[in-house]
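What the coordinates show
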Amino acid sequence: MLREIALSTTGFMPENEGDALFTAAIEAGANCPGLPFVEIGSYCGRSTVWFGEAARLCNTVLHAVDHHGGSEENQPGWEWHDTSLVDKTTGCLNTLPHFEHTMQRAQLSQVVKTVVGDSPVVAAAWTEPIAMLFIDGGHGREVARNDYLSWTPHVCIGGTLAIHDVFSDPALGGQAPYEEIYLPAKNSGKFIDVSSTGSLHILRRVK
Ligand code: SAH
Ligand code: MG
């Protein structure tokens, strides 16, 4: 039922990767009970349905961080621009009403805490250890690097880091999530691979 809601939501999370995100989140909730989940990049809430449902089942909360103005590739003239997400009065992309509508449809509004803001700004004020962090925000190099640097230190030891749009082969997709998040996480010695499904990579923090 909830998968149907996710699949009928505008966004970029394929079904098998959403299912893998859900499974990893259920495990993360069991590994680190009582600690929250955090999603960077929610858009209209497609991935948030899978992740938020796992948070509900684990009796925790999901903080969903997005400025809701869309990434570079969502802006007018770019490949992933969707005119139906443009606010008629401002002429700017605004996914927030769509996100809230999705959370209401999925009955997740009590579990998913909507955090509207720029990811590094929100991270700078963050203090709580995180059971599972899912990074699916901007795919520019600097934005991806900032997400890695500002958020991953908050993942608790034994906690989970999920990264979307990881492509080791440049022919398959942009390199920023791979080179600025996935490789630095591995090279830090703090994260090890757990699994991968499509472009979704799941890692565990070991030290
Ligand atoms: N997880 C979503 C897709 C996210 S698309 C799904 O399943 O469909 C990437 C999102 O990251 C966009 O909504 C964009 O607004 C957000 N984003 C990009 N850069 C950001 C930043 N610096 N701070 C906050 N959100 C950002
Ligand atoms: Mg993505």
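The structure contained in this document is the topic of the report that follows. In this text, all values refer to a predicted model and were calculated from it rather than measured experimentally.

**Structural notes on the overall build of the chain**
Summing up its helical and strand segments, the chain has seven helices and seven strands in all. Walking the chain from its N terminus toward its C terminus, one meets helices and strands in the order α-α-β-α-β-α-β-α-β-α-β-α-β-β. Among the 207 residues that make up the chain, the fraction classed as buried is 49%. Long-range contacts, defined as pairs at least 24 residues apart, comprise 71% of the intrachain contacts of the chain with a sequence gap of at least 6.

**Notes on the pattern of salt bridges**
If you walk through the whole model with that rule in mind, you get eight salt bridges. Across the salt bridge formed by Glu27 and Arg204, the nearest N and O atoms sit 4.0 Å from each other. Residue Glu27 is found in helix α2 (residues 15–31), and its partner Arg204 is found in strand β7 (residues 200–205); the two are separated by 177 residues along the sequence. Classification of Arg204 as buried rests on a relative accessible area of 18%.

**Side note on the sheet that holds strand β1 (residues 37–40)**
Across a sheet, strands are paired by hydrogen bonds formed along the backbone, either parallel or antiparallel in direction. Strand order in the open sheet made by the seven strands is β3-β2-β1-β4-β5-β7-β6, with mixed pairing throughout. Only two strands of the sheet have a single neighbouring strand rather than two, namely β3 (112–116) and β6 (191–197). Across the sheet, the axes of successive neighbouring strands diverge by a mean angle of 20 degrees, strand direction being ignored. Where strand β5 (residues 155–163) lies against β7, four bridges are found, and the strand directions are antiparallel. Along β7, the bridge assignment pairs Ala162 with Ile202. This element, helix α3 (residues 46–57), spans β1, β2 (62–66), β3 and β4 (130–135) of the sheet and lies at about 175 degrees to β1.

**Some points on the pairing of β6**
Taken together, the six bridges between β6 and β7 define a ladder with antiparallel strand orientation. Looking across to β7, one finds that Ile192 is bridged to Arg204. Between β6 and β7, which pair antiparallel and follow one another directly, the connecting turn spans two residues, one of which, Gly198, has a positive phi of 60 degrees.

**Considerations on the packing of aromatic side chains**
Counting across every chain of the model gives six aromatic pairs. Between Phe37 and Phe51, the ring centres sit 5.1 Å apart and the planes meet at 10 degrees, which makes this aromatic pair stacked. Note that Phe37 is positioned in strand β1 and Phe51 in helix α3, a separation of 14 residues in sequence. Judged on exposure class, the residue Phe37 and its partner Phe51 are both buried. Ring geometry for Tyr178 and Tyr182: centres 5.8 Å apart, planes at 20 degrees, overall stacked. Here Tyr178 pairs with Tyr182, and both are found in helix α7 (residues 176–187), just four residues apart, close to one helical turn. The class for Tyr178 is buried, based on a relative accessible area of 17%. When its relative accessible area of 9% is taken as the criterion, Tyr182 is described as buried. Clustering of aromatic rings is evident, with ring pairs tying together Phe12, Tyr43 and Trp80.

**Remarks on the state of the cysteines**
Throughout this description, disulfide means a covalent bond between two cysteine sulfur atoms. Summed over all chains, the structure comprises zero disulfides. Free cysteine Cys44: the closest other cysteine sulfur is in Cys92, separated by 16 Å. In this structure Cys156 is a free cysteine whose sulfur lies 3.3 Å from that of Cys32, the closest cysteine sulfur available. We classify Cys156 as buried; its relative accessible area is 13%.

**Details of the coordination of the magnesium ion (ligand 2)**
The protein atoms that coordinate the magnesium ion (ligand 2) are Asp136 (OD), His164 (ND1) and Asp165 (OD), at distances of 2.1 to 2.2 Å. Going along the chain, you hit the donors of the magnesium ion (ligand 2) in the pattern D-x27-H-D. Pair noted here: Asp136 is in the loop between β4 and α6 (141–151) and His164 is in the loop between β5 and α7, with a separation of 28 residues, a long-range link. Judged by relative accessible area, Asp136 falls into the buried class, the value being 16%.

Procedures and definitions
- Residues numbered from 1 in each chain as written.
- Chains lettered and ligands numbered in written order.
- Predicted model: local features only at pLDDT ≥ 70, side-chain atom pairs only at ≥ 80, totals over all residues.
- Heavy atoms only, no water.
- Helix = DSSP H or I, 4+ residues; strand = E, 2+ residues; numbered from the N terminus.
- Buried < 20%, exposed > 50% of the residue type's maximum accessible area, 1.4 Å probe, protein only.
- Contact = heavy atoms within 4.5 Å.
- Salt bridge = Lys/Arg side-chain N within 4 Å of Asp/Glu carboxyl O.
- Pairing = 2+ DSSP bridges.
- Axes fitted to C-alpha atoms, helices over the stretch in contact; angles between N-to-C directions.
- Phe/Tyr/Trp six-rings, centres within 6.5 Å; stacked < 30°, edge-to-face > 60°.
- Disulfide = S-S within 2.5 Å.
- Donors = N, O, S within 2.8 Å, 3.2 Å for Na, K, Ca; no water.

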